[in-house]
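Fold and contact review
Okay, here's what each chain looks like letter by letter:
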Amino acid sequence: MAEESIKDNNNGMIVRISEIEVYPEYLDEYLNYAKEVAEKSMQNEKDVISIYPMSLIKNDTQIRILEIYRNLEAYENHIASLHFKKYKEKTLHMVKTLNLVDAYQLCPDNFNRIFKKSG
């Protein structure tokens with residue numbers, strides 16, 4: 001699907017779920033890097049709305065990251081950041097599979113409600 005269509009249906013935001021499978025022997029190390037990049041992204045990048053890594057209960061080597069960027073520029077700035085580059089470089093050999101799934105918001109009106117409730 002064209003990136004322009006994704007932007008139009010998400011009020012300009014980039015909404016993505018990263019589906020990652022990590023080799024079991026690297027799991028603990030990978031999780032440390034995932035936490036670090038999430039924390040630094042949320043603290044230092046004003047237009048990163050969510051970098052929310054999760055581990056599946058039934059298989060903890062399966063990681064999902066909910067990524068929400070205010071716009072395409074925010075996403076491009078994120079992948080150019082030093083903390084993301086460090087994460088990518090240090091974890092590349094740990095990742096068995098990576099699938100990036102772009103998504104549409106089905107209830108955009110709930111967006112602000114969700115983030116208000118979290119605080």
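This text goes with the structure placed above it.
Since the structure is predicted, the reported quantities are computational estimates derived from the model, not experimental observations.

Concerning the packing of helix 3 (residues 72-80) against helix 4 (residues 82-91)
The N-to-C vectors of helix 3 and helix 4 enclose an angle of 60°; their axes lie 5 Å apart at closest approach. Considering their axes alone, helix 3 and helix 4 lie oblique with respect to each other. Two secondary-structure elements touch here, helix 3 through His78, Ile79 and Ala80 and helix 4 through Leu82, His83, Phe84 and Lys85.

Considerations on helix 4
The set of residues buried in helix 4 consists of His83, Phe84, Tyr87 and Thr91. For helix 4, the angular spread of the buried residues around the axis is 100°, confining them to a single face. More than 90 degrees from the buried face of helix 4, the exposed residues found are Leu82 and Glu89. Check the buried side of helix 4 and you find it contacts strand 1 (14-22), helix 2 (27-44), strand 3 (62-69), helix 3 and strand 4 (95-102).

Points about the sheet that holds strand 2 (residues 48-55)
Sheet strands pair via backbone hydrogen bonds, and the direction of the pair is either parallel or antiparallel. Pairing within the open sheet is antiparallel, and its 4 strands lie in the order 2-3-1-4. Two strands close off the open sheet at either side, each with one partner strand: strand 2 and strand 4. Each strand axis lies, on average, 15° off the axis of its neighbour in the sheet, ignoring direction. As judged from the 7 bridges shared by strand 1 and strand 4, these two strands associate in the antiparallel manner. For Val22, the partnering residue across the bridge sits in strand 4 and is Val95.

Rules of the game
- Residues numbered from 1 in each chain as written.
- Predicted model: local features only at pLDDT ≥ 70, side-chain atom pairs only at ≥ 80, totals over all residues.
- Heavy atoms only, no water.
- Axes fitted to C-alpha atoms, helices over the stretch in contact; angles between N-to-C directions.
- Helix = DSSP H or I, 4+ residues; strand = E, 2+ residues; numbered from the N terminus.
- Parallel < 35°, antiparallel > 145°, perpendicular 65-115°, else oblique.
- Contact = heavy atoms within 4.5 Å.
- Buried < 20%, exposed > 50% of the residue type's maximum accessible area, 1.4 Å probe, protein only.
- Arc of directions from axis to C-beta.
- Pairing = 2+ DSSP bridges.

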